[in-house]
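Observations on the three-dimensional arrangement
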Amino acid sequence: AIAHKVDNVAGVNMLAGVTLKVHDDSDVAETGYGPWIISNIPNCTKEDLDALAENMPNGTRQIFRGHPEKGGVCVFIMEGTREGVWQELRTHRWKAPPVVETDTTGYL
């Protein structure tokens, strides 16, 4: 089993190789609660996303999930606190660490 070590570095936390990035302009940075994007899940399947949606911690909820089985993007978006996201991540085994970051406004 992988140890659950948390390192704090300027808005970035790490747990068992998974890095959490809190963007300065995100709801999470401003209020402590908001949307989180879990992406870049290696060899992601519908079952991987289904597993993320099952038994989510109290105070969290699924907002969106992709449909890799239909050729779509493998992404899972949930709402919650940083602790809620940590609790969710602790319950899953990863083939390789996904990217986990707060939602933020992007400009093109």
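Residues numbered from 1 in each chain as written. Predicted model: local features only at pLDDT ≥ 70, side-chain atom pairs only at ≥ 80, totals over all residues. Heavy atoms only, no water.

Of the regular secondary structure elements, the chain holds three helices and seven strands. Along the chain, helices and strands appear, N-terminal first, in the series β-β-β-α-β-α-β-β-α-β. The 108 residues of the chain split such that 35% are buried. Excluding contacts between residues fewer than 6 apart, the proportion of contacts in the chain whose partners are at least 24 apart in sequence is 58%. For the chain, the exposed area adds up to about 6,500 Å²; of that, 52% sits on carbon and sulfur atoms. (Helix = DSSP H or I, 4+ residues; strand = E, 2+ residues; numbered from the N terminus. Buried < 20%, exposed > 50% of the residue type's maximum accessible area, 1.4 Å probe, protein only. Contact = heavy atoms within 4.5 Å. Areas by Shrake-Rupley, 256 points an atom, 1.4 Å probe, with all protein chains shown as cover.)

Tracing the sequence through the fold places S26 in the loop between β3 (18-21) and α1 (27-31). Among the residues examined, S26 registers a relative accessible area of 1% and is labelled buried. At 3.4 Å, the side chain of S26 and the side chain of T102 are in polar contact. Setting aside residues no more than four positions away along its own chain, S26 makes contact with T102 and D103. (Polar contact = N/O pair within 3.5 Å; in protein donor to acceptor, adjacent residues only side chain to side chain.)

In the predicted model, the chain carries a mean pLDDT of 84, and the fraction of residues at 70 or more is 83%. Here residues 1-10 is modelled with pLDDT under 50, and outside its nearest four sequence neighbours on either side it reaches 18 contacts, counting other chains as well. (pLDDT = per-residue confidence, 0-100.)

Let's shift gears to the pairing of strand β7 (residues 99-102). Alternating residues of β7 divide into V100 and T102, all buried, and V99 and E101, none buried. The pairing of β3 with β7 spans three bridges and is classified as parallel. Considered in β7, the bridge of L20 is made with V100. Pairing between strand β4 (residues 34-39) and β7: four bridges, direction antiparallel. Bridging from a neighbouring strand, I38 pairs with V100 of β7. (Pairing = 2+ DSSP bridges.)

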